[in-house]
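# Reading the structure
Take a look at the letters that make up each chain.
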Amino acid sequence: MKFGSMKSCPIKSVCIAMIVLFSLAACATRPPVAQGPLPFDQAVEHATDDLVSQSQRLPGFIAQLTTQGVVHDPTLDAESGQQTAATTRLDAKVAAYLGSRHKQFEVLPFRSASLSKAEYLLTSTMARERTTGTPALRITLALVDLKTGIVAAQAHALARDQSLDHAPLPYYRDSPVLVKDQVVEGYIRTTATPRGQRGDALYLERIATAATIDEATDLYNQARYREALGEYRSALAVPAGQQLRVLNGIYLANARLGQTAEAEEAFGRVVAMGIAYRQLSVKFLFNPGTTEFWVDPRINTPYPMWLRQIARESVAAKACMDVVGHTSATGSPSANEALSLKRAVEIRRKLTAQAPELGPRTQAIGMGFRENLIGSGTDDNVDVLDRRVEFRIKPCKAG
C-alpha cells in the first residue's frame, strides 16, 4: 500500500495511524555516537536528543501525540552531591532545548503541585571523566515514569570541562558538612539506572518531599532565610523529611538569622544523623600547610560549636571512629599525606579535650588527596570538600 495518497487507503483512520507511526519511527532515530568530548551546550543537546528518541520508541505511540509533562529534579554533581553554577547551567539548557526542539514535552516546575500533572521525572548528574586526555564531564540524563518508577530512557554525553563555573550554590557553599545521605545517593543511583529498570525506591518514595526541599533551598540561595526556614521545617514535619539536607538547611537558615541556640541544636541533629549513617564529613578549613584553622572569623567562628556537638553526640552514641584528614590535590603525595594526618591528629586532640572518654575510641588517619571528591587542585571554594575531615564510625573493640 502506498501512503502518498489517501485515495489508495481503504480505511482512512487506519492509514492516518500508520502514517503517524512511520513518522514517529523516523523521528525516533537515535543521534549518532559522539566522538570525544563535545562543547558543553552541544553535549547537553546531544544527550537530550538521545533521551527523547528513546522515549519515542516506547509502546503506545498515539499517546506521544499529546504533550507529556516532565518535572526536573535539579542536576547534582555525582561525586559531591552538590548543585553548582555548572549544574544550574545544565538544568537551564535542558529546559530551553526541550521547550524549543521537543515540544511534545512540557517542563513543569519541580514543585509538589506539578507532580500530579507530570508523566515523567527527569534526573541528571555530572561527573568528572578521568579517562580522557583533556578535562571532561560525563553528563547523564534519566527519564523516569512517575507511575511505575521505571527508567523509560537514559542517555549520556561527554562534555569538555572548559570555562565552566563549578562553584557550589550558596546552600552547598555554606554547608558545614557533605550533604550526601541515602536519599541523595538514591538520586544518583536512579540517574545511573539502565533503561527498563526501576529507579531507587527510597529516592522515589520521597519525591514529593524532595520538591519541598528544592523550594526551601531555592529560597536559601536567594538569601530569603526566614522563608527557607519555614519550608525546611515543613519538610521535617513529615516522616520522609527526616533527611540530612533538611536538618542542614535548618541549621544554615538559623545561623544566617542569628539564632545561635537554634542553630546549635540543629547542628547537633545533623551530627547525630551523620553518626547514624556511619559517615560524617565536616569542612574544617586550615591555613595553607598548617594545622591552624583558617584565620577569617567569618569562617572559623562556628568551629568550637561544631567540635562541641561532635564530641557530645559521639559520647551519647558511644561511637568509636576514625578521624580522617584529607587535602586538596596541590603538592606532592607524601607531603599531603603527612599534612592530612597532622590535621586529623589536631582535630582528634580538640575532640578529646572536650570529651576525654573519646580518646581510646578514636584514631587519626591521613588520606592526603587519595579520596578527593572534586580534584581540581584550585584550593578555593570549588574544592573545599577535598580539604575535609571525616568521622568514620566503626565497631568498637570488645573489652
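Just so you know, these numbers come straight off a predicted model, no measurement behind them. (Residues numbered from 1 in each chain as written. Predicted model: local features only at pLDDT ≥ 70, side-chain atom pairs only at ≥ 80, totals over all residues. Heavy atoms only, no water.)

A count of helical and extended segments in the protein gives 14 helices and ten strands. A buried classification covers 52% of the 399 residues belonging to the protein. Contacts in the protein between residues at least 24 apart in sequence constitute 71% of all its contacts with a sequence separation of at least 6. (Helix = DSSP H or I, 4+ residues; strand = E, 2+ residues; numbered from the N terminus. Buried < 20%, exposed > 50% of the residue type's maximum accessible area, 1.4 Å probe, protein only. Contact = heavy atoms within 4.5 Å.)

Take the side chain of H326 next. Counting through the fold element by element, H326 comes out in the loop between strand 8 (320–325) and helix 14 (333–354). When its relative accessible area of 2% is taken as the criterion, H326 is described as buried. Among the polar contacts listed, one links the side chain of H326 to the side chain of E390, at a separation of 2.8 Å. Discounting residues that sit within four places of it in the chain, H326 has contacts with S340, M367, G368, E371, D386, R387, R388, E390 and R392. (Polar contact = N/O pair within 3.5 Å; in protein donor to acceptor, adjacent residues only side chain to side chain.)

Turning our eyes to something else, we now look at unusual backbone geometry. With glycine set apart, most residues show a phi of negative sign, and most peptide bonds adopt trans. One non-glycine residue, S163, adopts positive backbone phi at about 60°. As for its position among the elements, S163 is in the loop between strand 6 (151–160) and helix 5 (170–174). Phi is positive for A223, which is not a glycine, with a value near 65°. Relative accessible area serves as the criterion here: at 45%, A223 is assigned to the partly exposed category.

Here we take up the pairing of strand 10 (residues 389–394). The pairing of strand 7 (residues 279–282) with strand 10 spans four bridges and is classified as antiparallel. Within strand 10, the position partnered with Q279 by the bridge is R392. In this sheet, strand 10 lies alongside strand 8 in antiparallel orientation, the contact comprising six bridges. Following the sheet pairing, M321 is matched in strand 10 by I393. (Pairing = 2+ DSSP bridges.)

Let us look at the sheet that holds strand 9 (residues 362–366). If you walk across this open sheet you meet the four strands as 7-10-8-9, and the pairing is mixed. Unpaired on one side and paired on the other, strand 7 and strand 9 mark the two borders of the sheet. Strand-to-strand, the axes of this sheet are offset by a mean angle of 20°, without reference to chain direction. Across five bridges, strand 8 lies against strand 9 in parallel orientation. Bridged to M321 within strand 9 is T362. Against the sheet, helix 14 touches strand 8, strand 9 and strand 10, its axis set at about 160° to strand 9. (Axes fitted to C-alpha atoms, helices over the stretch in contact; angles between N-to-C directions.)

Okay, the state of the cysteines next. Two cysteines whose sulfur atoms are joined by a covalent bond form what is called a disulfide. Inspection of the entire model under this criterion finds one disulfide. Here C320 pairs with C396 through a disulfide, and the sulfurs are 1.9 Å apart. Torsion about the S-S bond of the C320 and C396 cystine: about 110°, corresponding to right-handed handedness. Pair noted here: C320 is in strand 8 and C396 is in the segment after strand 10, with a separation of 76 residues, a long-range link. (Disulfide = S-S within 2.5 Å.)

This brings us to the pattern of salt bridges. For the coordinates displayed, the defined rule picks out 22 salt bridges. For the salt bridge of R128 with E79, the shortest nitrogen-to-oxygen distance reads 3.4 Å. With R128 in strand 4 (residues 120–129) and E79 in the loop between strand 2 (76–77) and helix 3 (85–101), the pair connects residues that are 49 residues apart, well separated along the chain. Across the pair, E79 and R128 agree in class, each one buried. Taking the shortest distance from any N to any O, the salt bridge between R138 and E129 comes out at 3.1 Å. (Salt bridge = Lys/Arg side-chain N within 4 Å of Asp/Glu carboxyl O.)

Here we take up the nonpolar core. Membership of the largest hydrophobic core comes to 73 residues, with the highest contact counts inside it found for F284, I310, I347 and F391. Apart from the residues lying within four places of it in its own chain, the contact partners of F284 are F293, Y303, W306, L307, I310, I347, R387, V389 and F391. Residues F40, L51, A155 and L164 belong to the second largest nonpolar core, which totals 26 residues. (Core = buried A, V, L, I, M, F, W, Y, C linked by side-chain atoms within 4.5 Å.)

A word on helix 10 (residues 244–256). For an α-helix, the turn length of 3.6 residues means that residues three or four places apart are oriented alike. Along its 13 residues, helix 10 runs 18 Å from first to last C-alpha, staying within 8% of the 18 Å computed at 1.5 Å per residue. The buried fraction of helix 10 amounts to eleven of the 13 residues, a majority that puts the element mostly inside the structure. Those residues of helix 10 that fall on the buried side of the exposure criterion are L244, R245, V246, L247, N248, G249, I250, Y251, L252, A253 and N254. Buried positions along helix 10 lie against helix 5, helix 6 (182–192), helix 8 (207–221), helix 9 (225–236), helix 11 (260–276) and helix 13 (303–316). (Expected span 1.5 Å × (residues − 1).)

The buried count for strand 8 comes to six of six residues, which makes it a mostly enclosed element. The alternating pattern of strand 8 places C320, D322 and V324 on one face and M321, V323 and G325 on the opposite face, and all of these are buried. Considered for its hand, the β-α-β crossover made up of strand 8, helix 14 and strand 9 is right-handed. (Right-handed = clockwise from strand over helix to strand, strands pointing away.)

Right, let's get into the side chain of S175. Considering the arrangement of structural elements, one finds S175 in the loop between helix 5 and helix 6. You can call S175 buried: its relative accessible area is 2%. Reaching out from S175, the side chain makes a polar contact with the backbone oxygen of V177 at a distance of 2.7 Å. The residues contacting S175, other than those within four sequence positions of it, are N248, L252 and K283.

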